[in-house]
Amino acid sequence: MNHKHSILFRGLGTCMALALSVSAQEDIPLLTAEEASTVQAQTAEIFQSLGPLVRKAASSVVFIGSAAPNQSCYGAVIGDGNQVLTKWSEVAASRRPLRVIDSTGTARTAKIEGVYESEDLAVLRIEGAPLPVVNWSTKAEPALGRFLVAPRPDGKAAGFGVVSVLERSLSEAKQAYLGLMGDLDYQGAGARIRTIEPDAGAAAAGLKVGDVILKVGSRQISGLMELRNSLNDKQPGDRVEVLYSRGGEEAKVEVLLGSRPPTAMPTNPRLRQMEQMGGDISRVRDGFSRVIQTDMQVGPQQCGGPIVDLEGNFIGLSVARADRTRSFILPASEVISTLKRPATDPSVAKVQVTKENPMRPQVRRGQARPPRMAPAPDAESIERMKRHVQDMQRLMDRMQREMEGLEEP
Amino acid sequence: MKTQTFIPVVMALLMGSPLLARESVKSLEELQALQKKVEAVSAKVLPATVALVSDRTGSSGSGVVTTADGLILTAAHVVQGADELEVVFPSGKKVNGRVLGANFSKDIGMVKITDPGEWPFVARGESKPLEAGDWVVALGHSAGYDPGRTPPVRFGRVVSEGPGNFFTTDCTLIGGDSGGPIFDLEGRIIGVNSSIGESLKNNNHAGVDGFKDDWDRLIAGEMWGQLSMNPFANPEMPVLGINMGMDRRGKGVPIAGVFPRSPAAAAGVKVGDRLVSIDGSAVASGRDLLLSLAKKQPGDKVKLGVTRDQESVEIMVTLGRMDSIFENR
C-alpha cells in the first residue's frame, strides 16, 4: 500500500497500478493462474468502464501531500474554487505548507484555513487559478447495494464499492436515548428496566426499575436489541409513546428522548486483530454525525476525496477506512450542513484519535483464521487449528524441497 | 471444467439468456445493469440475514433463514458448544433457536427457530457451478449484532474454487460474519461465510451444495467432522486412493501404490503407471496433483492421463473421500 502511495507522489499522471490489483498467488493457496487472470481482467474492465465518469469528476479532486510521514490524502474542491475539503487527521501533523496537486498535475501550495473536529474535516486554501468545484448531490439517499467510486485527480479510480449500510449516526450525542438500562437476565417478552437515570426521559415520564417495556410507538418489543433498534429513526428531542407493564397492569407514557451518553465499548482483541487484516486503517474512524458505510477498499491515505455514483453525482466525502470490511462516507447533505457551521482555528484544533486497544496483539501474516466473536475458541481447538496449519506448511515445504531438489541437475 | 457446470449452461442457452452470474462489465451501461441486480438482491435478502447469539458461549455469529418455518443455515463453528441460540433479525426482533446438526469438515450447521411463526426466508441456489469471476453478494452481522445498523452488504466475485466444498471471494469478512450468507445475483443462497486470510481477497465460504449432500443428517441433529483450515487434513478431502512415488524432473507422478477398493483401484489404475495429466492439465509433480485435487469434490469425475508401458492411457475416475478410503482398508 505504501508502495502505491509513493508512486502516486512521485509521478502523478503516469501509468499506475490499479487500486484493486490481484494479490500475489501465495495469498490464496489454491488460486490458479487462470483464476487470477479472470479476476484481474474483470477488475481492469470495471475500471475501464468507469473511466469517462471518473475522468469527468477528477477535475474537482486534488492530491494533498505533506512533508510529515504518512500524511497525504485526497481532497474535494469547494467554495470559491480555491478551497479544498479534506480529512483533518491526515494533514494535521504538517508543520509546513501543504502541497496540493490538481488534475492537470500542477502543484500548488496550500494552508489549513479551518477545522471541523467532530467530523475530522479541514478546509484548505490553495494558491493559483480557481478549480471546478464539487456539485454536492442531495437528491436522494443512495440505496443499499448502490455502486460507489472514489475518483483520483489523475482520472483513475482509487476505489470501488457498494453501499453496505444506509445513512446512520456514529455520534452518540446524536442518537436518541430513553435514559435506562435493560435487564440482560430477563427472559420474557419485552424489555425489563434494570437501572434508570434519575433525570432522563424515562424516569421523568414515570417509568421505574422492574417495569417491562412492551411497545415503543406501535412496535412490539421482543427484547433489548429491538428496544434499541426501535429508536434508530428517532432524534434526541423527539417524543415516543411507551407501553409498559408493572405488576401485571399495562399503561402508556410519553417519553422525551435525550442523547445517548458516551459508552466505552468493550474491546475485543481478536476482532481488533481482524480489523487490520488486509491493510492500514484510519486513525480517526468513529464519531461522525452521519455516515454511509461502504465495502470500498481504500487505504487511510486514499480518503478525503469526493465519492461519486454511476450517474456521476457527488454523493459524499470519503472520511475513513475503519477496518477490513468498512469505509465511511460523509453524505453530501452532512458535508453541506457541516460547512455552514463556524470552523475551528487550525492552531487550536485537535485530532480526535479513535481509541486503540493497547493490548492489540501483533497480526501474524498469512495464517488463516475463522472469523468469529469473543470468546476466543477453546484451547483445544486453537491447538488443533495450529497443528493443521503447521502440518500443511510442513507438507508444502517438503513438496517444495523435493521439487527443488529434483530440478537440480 | 466440472461436469456439474454443464447442465446450467445448457439450460441458460435453451432459455435464450446468457449465464447470469458472469455478467460482463465492459461498459458503464453494463455496470449500471449489474448495480440494479445488486440493489435488488440486497433488499430481498436482508430481512432473512440473522445474528445467532449464544448465551452459553457469549459468541455471536450469523445465519440465513431458508424456509418459512425458520430453518437457518450457518457455519458449524457458530453452533459449536451451543444447544440453544438467540436468533436476532435485523430489526432487533429476537426469537429462540435450537441447534440441529453440524458437519465441521465442511463448516456447515443448521439451527431451527422454535417460536411459532412465518419468517422471511431466501431460497437456495447452487455452489458447485461457481467459477472465478461470478458476481456475489455477502451479508453478515459483522462484529456481532448492532442495533444501530443492518447487516452490512458486501459485493464481490468468486476469486478461487476449493478446497473441496469451499470457495474464496473478495467480499471482505470479519468476526461475527461467520455463518452469514452469500448469494448469487438472483438472490439465492450459494454458501455461508467461514474464514478469512490476511489478504482482502481471501474470504472463504462453505458452498450451499454441502448442505444438500448432508441434509438429512443435519436435520436429524448429527454433529460430525473436524474443523480444519488445511484442505489436506480435511477428512472430506477428495482422493484417488493412490500412493504417490517421487516425481522425476517434472515428468509426472509415478503411482507407487493403489488402495484396495479405492476409486483408483475401481477405475483400473495400476502400480507402475505414471500420472501425467488430470482433466487435460499437465501434472508435473505431486504438488500439482494435490492442488488440482483440492479444487475438486468427492463424487466429481476426473480424467487421468497415464503413461503405462510407454503408452498413453486415459482413465476416468470418480473421486472418493479420504475418510472412506481409510474405512475401506
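Residues numbered from 1 in each chain as written. Chains lettered and ligands numbered in written order. Predicted model: local features only at pLDDT ≥ 70, side-chain atom pairs only at ≥ 80, totals over all residues. Heavy atoms only, no water.

Peer 1: Any chance you could explain helix α6 (residues 332–340) of chain A here in plain terms?
Peer 2: Because each turn of an α-helix spans 3.6 residues, side chains separated by three or four positions end up pointing in the same direction. All names here are of chain A. Residues of α6 that are buried include every one of Ala332, Glu334, Val335 and Thr338, and no others. Along the axis of α6, the buried positions cluster into a sector of 160°, meaning they face one direction only. Of the surrounding elements, those touching the buried residues of α6 are β3 (83–87), β5 (107–116), β6 (121–126), β19 (314–321) and β20 (327–331). (Buried < 20%, exposed > 50% of the residue type's maximum accessible area, 1.4 Å probe, protein only. Helix = DSSP H or I, 4+ residues; strand = E, 2+ residues; numbered from the N terminus. Arc of directions from axis to C-beta. Contact = heavy atoms within 4.5 Å.)

Peer 1: Looking at this structure, how should I read the pairing of strand β17 (residues 291–294) of chain A?
Peer 2: A regular strand places its side chains on the two faces of the sheet in alternate fashion. Residues and elements named next belong to chain A. Neither face of β17 is exposed, since Val291 and Gln293 on one face and Ile292 and Thr294 on the opposite face are all buried. As defined by bridge partners, strand β8 (residues 157–168) adjoins β17 across three bridges and the pair is classed as antiparallel. The residue bridging Val163 from the neighbouring strand is Thr294, located in β17. Bridge analysis of β17 against β20 gives three bridges, and the strand direction is antiparallel. Looking across to β20, one finds that Ile292 is bridged to Ile329. (Pairing = 2+ DSSP bridges.)

Peer 1: Please clarify how the packing of aromatic side chains should be interpreted in this entry.
Peer 2: Within a pair of aromatic rings, the relevant descriptors are the distance that separates the centres and the angle that separates the planes. One pass over the full model with this rule turns up six aromatic pairs over all chains. An angle of 75° between the planes, with centres 5.2 Å apart, marks the rings of Phe147 of chain A and Phe160 of chain A as edge-to-face. Note that Phe147 of chain A is positioned in strand β7 (residues 147–151) and Phe160 of chain A in strand β8, a separation of 13 residues in sequence. Summarising the burial analysis for this pair, Phe147 of chain A and Phe160 of chain A share the class buried. A cation over an aromatic ring shows up here: Arg217 of chain B above the ring of Trp224 of chain B, its NZ or CZ 3.8 Å from the ring centre. (Phe/Tyr/Trp six-rings, centres within 6.5 Å; stacked < 30°, edge-to-face > 60°. Lys NZ or Arg CZ within 6 Å of the ring centre and 35° of its normal.)

Peer 1: How do you make sense of the interface of chain B and chain A when you look at a structure like this?
Peer 2: The parts lose accessible area when they come together, and the size of an interface is often stated as this lost area. Taken residue by residue, the interface counts 86 residues in chain B and 80 residues in chain A. Counting the surface lost from both chain B and chain A, the interface buries some 7200 Å², and carbon and sulfur atoms represent 61% of this. Sorting the residues of chain B by area buried against chain A places Ile174, Glu198 and Leu200 of chain B first, and these three jointly supply 10% of that buried surface. At the surface where chain B touches chain A, the tally comes to three salt bridges. We note a salt bridge from Glu45 of chain A to Lys26 of chain B, for which the minimum N-O separation is 3.5 Å. Connecting chain B to chain A are 33 residue pairs in polar contact (both at pLDDT 80 or more). Secondary structure elements with two or more residues in the side of chain B that touches chain A: α2 (28–45), β4 (84–88), β8 (153–161), β11 (189–196) and α6 (286–294) of chain B. For the side of chain B that touches chain A, a count of residues per class yields 33 nonpolar, 34 polar and 19 charged. (Buried area = accessible area lost by both parts, 1.4 Å probe. Salt bridge = Lys/Arg side-chain N within 4 Å of Asp/Glu carboxyl O. Polar contact = N/O pair within 3.5 Å; in protein donor to acceptor, adjacent residues only side chain to side chain. Nonpolar A, V, L, I, M, F, W, Y, C, P; charged D, E, K, R; others polar.)

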